Amino acid sequence: MTSPADPATPRSADTGPGAAHRPAAWVRTRLRAAPLAALLTAVLAFGTVFLAASFPRLLDRTADQGLRDFLRDRGPAATSILATADLGGDASAPGDPAGGRPDDAGRLDEDAARLVARTGILGVGPGGPVYGARSGKPRLLTNPGLARPDEADPDLDLLYVQGLRDHVTLAEGSWPGTPAPDEPVPIAVSRSVAATVGFHLGDVLRTAAASPDDTAPLAKVVGIVEVTDQNDPYWSELPCPNRACLNFTSGKQPSAYWHSAGLVDASALPQIKTWNTGAQDFWRLPVDVDGLRADRMTATERELASYLTGHTANALANATDRVGLRISSPLPPLLRQAVARQEAAAPLSSIGPAGLAGVGVVVLCLAAALAGDRRIAELRLLQARGGSRSGVVRRLLAEGAVTVLPASLLATALALLLLPTPRWGGAVLAATAVALFSLLALPLRAARLWSRPRPGGARRRLVGELAVLGLTVAAVAEVGRRGVAPAGAGADPLLVAAPLLLALTGGLLLARLQPLLLGALARATARRPGAIGFLGLARAARGSGGGQRPSVLPLLALLLAVTTAGFGATILGAVDTARTAAARLSVGGDASVVVPVGVTVSPEFADAAGRLPGVRASARIWADTEVFVLGGTGAVRVFAVVADPVAYAEISRSLGRGAFDPAALSGGTGGPDAPVPALISTGLAERLGPGATHRLRLPNGGELLVGTAGTVDGTPALQGDGRLFVVLPAGPAVALAPELDRANLWLATGPVDEGGLRTLVREKIASGTERNAAAAAGASGPGDLPAGYTVRTSASVTAELGDDPLQRSAARLFWTAVLGAGSLALLAVLLTLVRAAPERTALLARLRTMGLRPRQGLTLILVETLPQTLVAAVGGGLVALAAVALLGPSFDLSILVGAEIARGLPVDVAAVALPTLGLAALVSAGIVAEAFIAGRRQITTELRAGDQR
């Protein structure tokens, strides 16, 4: 029997004028009958598929860009492979009767090509390899008239580097040529080196003999070159050819001296070898950082290990005929650190998109439910007329394919085009899944109409809710038991899914509680004058109690969005708070000044620095590690701190490390035999055992009797806990040992201006010679410090710790996902409101005939819709706090912070409240706008047509 629902079946038995008639095609008829619904379906499919295809691409781009920025910020030296070999190689080339190959530029070129050819997926970055030959040790120059900051002779290296003329221009003289026998080696020096050290064109540089048998070679300056770009990576890791370097001799009183390099021709390689011991050929291969990919880190690490010490390294040694070829790189630990950072940022990168995916699924389900409700009468009619399930489902699929599939294909192509990345499988898979879900949701819902109703729906709902609750409890318990996934396992899906499961459980619970809450509120308002509040709340309670409209879905969408936003915002807030605290602990306050050995932080500087704007407390401190506590158990090495007790106690209290009462360090001026009061660390107290007094051996050999006035766990001048230290008051300690007044550290609290502090250090502490040396080395600004001086502020350290491209990208991705989830939640609420708009308009029309004013109609709509939104927002915030409390102990934020901190995620109400209020405001604004439009509708048409519902 032919089904009347099959519009494609011809009525061939007819012989009248209508015999040639064929029923209109289903798809064309349906699209013409409801063009707006078809357009909205296509727009929804386009938006959801575009988001589904975009976020995998964004995750890939974020990971790749974070890896590349992390490595690029480390500089070219840290991201290069360095190969070295002794100049004058050991191996003989085949067919070389001399028993050795000449060391010339041609051989260097050949070996560089071999090294580059075996880099594999590592690649070689822009600028290509930098290679040449350099002397192993520099030679001291004895010429009078050269710059000697501390009366120490400057020294000089010889350097040949390939491609020099592409990076410098000849300013004076000539290019260095082939050295003549028994003549000085012709060299060129950069103009910066010449001005700093005092070289002049034509100077013959004399060197000091390293031993009595050593023949001191000579060098002659034949050319002055101008460096094109002082910061070009070409000059990295070279022995100061582009500018002179200020080095220091070793010892207790180091002396400053200038170090530089003379540039020679390729024909001078034998002279480089004889300049001093340890001459080397070198090749520096900058890895192509822009070609590295986060998903290929395992293969990259394997390739690098083979290049450094594995099969590739052995093959290169054979190919280059250099038995002593040594290959090294700082990259392996950097790659491991990059992987650890990616794994630490994975929860933050995944939680936002996961929440967005959950809200997207809810919106698609809601759209299908609303479309089914809108067409329920049509589908029931087809069923009553004998339409088959397969026939109706097939036609609904065809109808959806016309709208969903083109929009999905366009959205996928647009995402692939706008967000280029080498990986496309995840994006296409996600887009396909969303497109199929959008396509099948309505047909599957319609197919249920042909199923026989089964009793016990409430019982099945309860069983499903209990199953979700059990799954949530199991997930939270498992995360708490094992913590996050181990290193190397990538993003932890359970840790990402647990907040969503908590949100789902909270949404189901709230769906049951909301009618009770709103019903109780409606009964409370029934006793108040006016019917608007009672009527709106009663309709809200009845509408959310499981009627035909799927009201639980917009509630769940908003709750998922709020929970995800609050949980992720807590992670970001905890990272920022912990980073600030770690920066202050690292600095020892909010500002610190450290001076070189032998330099004193003067009282004049301390007074001037204490008057800088923002300084709340400051202290001059003498700190040294060469102090020993003498006792029956022997000498115990400790870190000694001598400071004004009042100022130091205030710094300790503000920092939260080693707080003490300054009164405990009072006294101690009764003479050399009276002990000086001292605070000692807890570990030192356990080490020394009983005994109130002890003797300190100072670095100059003197001794000081101290008495234990208390114990503390830490102290601002010393980083880390568990160290052995002693804190002495400056007054009595300096009176007995005047050398303790030579403070070498200054600490302060408060928002100190770093630029002003650096300028003060330069003017008040650094000597004129040091300032001139710093200026000659390129430190030209008023706050630039000579070598050995350090100024740090907690603000700059916090900014340095936070300068993490991966975390910034993850945070941007998270907030983008939160905005998308909030927009979809708003869409879910608006879809529900629009579906209920005809019924609500009819109600307002009838109430208008009974005297309802337009403003009261707007109030009625807001009272009916806003409480559900606010309850969902508050519930989402509470679920977010619960997720933080339950899952927080499993988080380790140390890598994201950039410093070692305690494990765990603190509960932060403010961090949850901000996104909660923001999303609630966004959705409420949409509801108000829709209510305003609905409240201003003209009701004459409704009144004239009557109620047809």
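Please refer to the structure higher up on the page.
Residues numbered from 1 in each chain as written. Predicted model: local features only at pLDDT ≥ 70, side-chain atom pairs only at ≥ 80, totals over all residues. Heavy atoms only, no water.

Visitor: Describe the overall build of the protein, with residues and values.
Guide: Along the backbone of the protein there are 27 helices and 21 strands. Pairs at least 24 apart in sequence give 79% of the contacts found in the protein among residues at least 6 apart. Here the protein has roughly 43,500 Å² of accessible surface; of this, 59% comes from carbon and sulfur atoms. (Helix = DSSP H or I, 4+ residues; strand = E, 2+ residues; numbered from the N terminus. Contact = heavy atoms within 4.5 Å. Areas by Shrake-Rupley, 256 points an atom, 1.4 Å probe, with all protein chains shown as cover.)

Visitor: Residues and numbers for the pairing of strand β4 (residues 155-161), please.
Guide: Counting buried positions along β4 gives seven out of seven residues, so the element sits mostly inside the fold. The alternating pattern of β4 places D155, D157, L159 and V161 on one face and L156, L158 and Y160 on the opposite face, and all of these are buried. Across two bridges, the pairing between strand β3 (residues 139-140) and β4 is antiparallel. The partner of R139 across the bridge, within β4, is L156. In terms of strand pairing, β4 meets strand β10 (residues 256-263) through five bridges, oriented parallel. (Buried < 20%, exposed > 50% of the residue type's maximum accessible area, 1.4 Å probe, protein only. Pairing = 2+ DSSP bridges.)

Visitor: Tell me about the layout of surface pockets, residues and numbers included.
Guide: Within this model, the second largest pocket holds a volume of roughly 1,100 Å³. In this structure, the second largest pocket is lined by 38 residues; those nearest its centre are A37, L40, T41, A367 and A371. When contributions to the lining of the second largest pocket are tallied by element, the ones reaching two or more residues are α1 (26-33), α2 (35-73), α8 (331-374), α10 (389-418), α11 (425-447) and α23 (805-849). Across the lining of the second largest pocket, the residue classes break down as 27 nonpolar, six polar and five charged. (1 Å grid on protein atoms, 1.4 Å probe; cavity = no way out; pocket = protein on both sides within 12 Å on 5 of 7 lines; lining within 4 Å. Points joined across faces, edges and corners; volume = space filled by probe spheres on them. Nonpolar A, V, L, I, M, F, W, Y, C, P; charged D, E, K, R; others polar.)

Visitor: Any details on the nonpolar core? Residues and values, ideally.
Guide: The tendency in soluble globular proteins is for nonpolar side chains to be buried side by side. Membership of the largest hydrophobic core comes to 77 residues, with the highest contact counts inside it found for V359, F567, I571, L887, F891 and L893. With 17 residues, the top contributor of residues to this core is helix α15 (residues 552-587). Not counting the four nearest positions on each side in its chain, V359 is found in contact with A557, L560, A561, A821, L824 and A825. By size, the runner-up hydrophobic cluster in this structure holds 57 residues, among which are F199, A266, A268 and V287. (Core = buried A, V, L, I, M, F, W, Y, C linked by side-chain atoms within 4.5 Å.)

Visitor: How would you sum up the pattern of salt bridges? Please name residues and give values.
Guide: Summed over all chains, the structure comprises 24 salt bridges. R72 is the partner of D290 in a salt bridge, and the nearest nitrogen-oxygen pair spans 2.3 Å. Note that D290 is positioned in the loop between β11 (280-286) and α6 (297-309) and R72 in helix α2, a separation of 218 residues in sequence. Judged by relative accessible area, which is 45%, D290 ranks as partly exposed. R72 sits in the partly exposed class, given a relative accessible area of 39%. The partner of D153 in a salt bridge is R148, and the shortest N-O contact between them spans 2.6 Å. The class of D153 is partly exposed, set by a relative accessible area of 29%. Taken together, the shared-partner salt bridges connect D60, D64, R293, D295 and R423 into one network. (Salt bridge = Lys/Arg side-chain N within 4 Å of Asp/Glu carboxyl O.)

Visitor: Describe the environment of A921, with residues and values.
Guide: Tracing the backbone through its elements, the reader meets A921 in helix α26 (residues 909-935). Since its relative accessible area comes to 46%, A921 is described here as partly exposed. The sequence separation of A921 and A873 amounts to 48 residues, and the corresponding C-alpha distance is 9.5 Å.

Visitor: Residue-level account of the state of the cysteines, with values.
Guide: Counted under the stated rule, the structure contains one disulfide. Between the sulfur of C240 and that of C245 lies a disulfide, 1.9 Å long from S to S. Because the torsion about its S-S bond is -105°, the bridge between C240 and C245 counts as left-handed. Using a relative accessible area of 10% as the deciding quantity, one classes C240 as buried. Relative accessible area serves as the criterion here: at 24%, C245 is assigned to the partly exposed category. (Disulfide = S-S within 2.5 Å.)

Visitor: Residue-level account of the pairing of strand β18 (residues 703-712), with values.
Guide: Two elements, strand β16 (residues 676-681) and β18, share six bridges in a ladder whose sense is parallel. Pairing of A678 across the sheet is with T708, part of β18. Where strand β17 (residues 693-697) meets β18, five bridges bridge the pair, whose relative direction is antiparallel. Looking at β18, one finds that R695 is bridged to L705. Connecting β17 to the antiparallel partner β18 that follows it, the hairpin turn spans five residues, and G701 within it adopts a positive phi of roughly 100°.

Visitor: Could you give me a rundown of the packing of helix α13 (residues 493-526) against α15, with the residues and numbers involved?
Guide: At a minimum axis separation of 9 Å, α13 and α15 run at an interaxial angle of 140°. Considered as vectors, α13 and α15 are oriented oblique to each other. Viewed along their axes, α13 and α15 form a crossing whose handedness is right-handed. From α13, P499, L500, A503, L504, G506, G507, L510, A511 and Q514 reach across to α15, where they touch V552, L555, L556, L559, L560, T563, T564 and F567. (Axes fitted to C-alpha atoms, helices over the stretch in contact; angles between N-to-C directions. Parallel < 35°, antiparallel > 145°, perpendicular 65-115°, else oblique. Left-handed = near helix turned anticlockwise from the far one by under 90°.)

Visitor: Help me get a handle on the packing of aromatic side chains, residues and values and all.
Guide: Within the structure shown, the criterion is met by five aromatic pairs. A ring pair is formed by Y648 and F660, whose centres lie 6.3 Å apart and whose planes are at 45°; its orientation type is tilted. With a gap of 12 residues between them, Y648 in helix α17 (residues 645-655) and F660 in the loop between α17 and β16 connect regions that are remote in the sequence. Take Y648 and F660: they sit in the same class, and that class is buried. Over the aromatic face of F282 sits the side chain of R134, whose NZ or CZ is 4.8 Å from the ring centroid. (Phe/Tyr/Trp six-rings, centres within 6.5 Å; stacked < 30°, edge-to-face > 60°. Lys NZ or Arg CZ within 6 Å of the ring centre and 35° of its normal.)

Visitor: With reference to specific residues and values, describe unusual backbone geometry.
Guide: Trans peptide bonds make up most of the peptide bonds, and negative phi angles are found at most residues other than glycine. Even without a glycine there, the phi angle at C240 is positive, about 55°. Summarising the element assignment, C240 is placed in the loop between β8 (218-227) and β9 (245-248). In this structure, D321 takes a positive phi of about 55° despite not being glycine.

Visitor: Break down α6 for me, with residues and values.
Guide: Across its 13 residues, α6 extends 18 Å between first and last C-alpha, which sits within 8% of the 18 Å expected from 1.5 Å per residue. Among the residues of α6, M297, T300, L304, Y307 and L308 are the ones counted as buried. The buried residues of α6 occupy one face: seen down the axis, they fall within an arc of 95°. Of the exposed residues in α6, the ones pointing more than 90 degrees away from its buried face are T298, R302 and T309. (Expected span 1.5 Å × (residues − 1). Arc of directions from axis to C-beta.)

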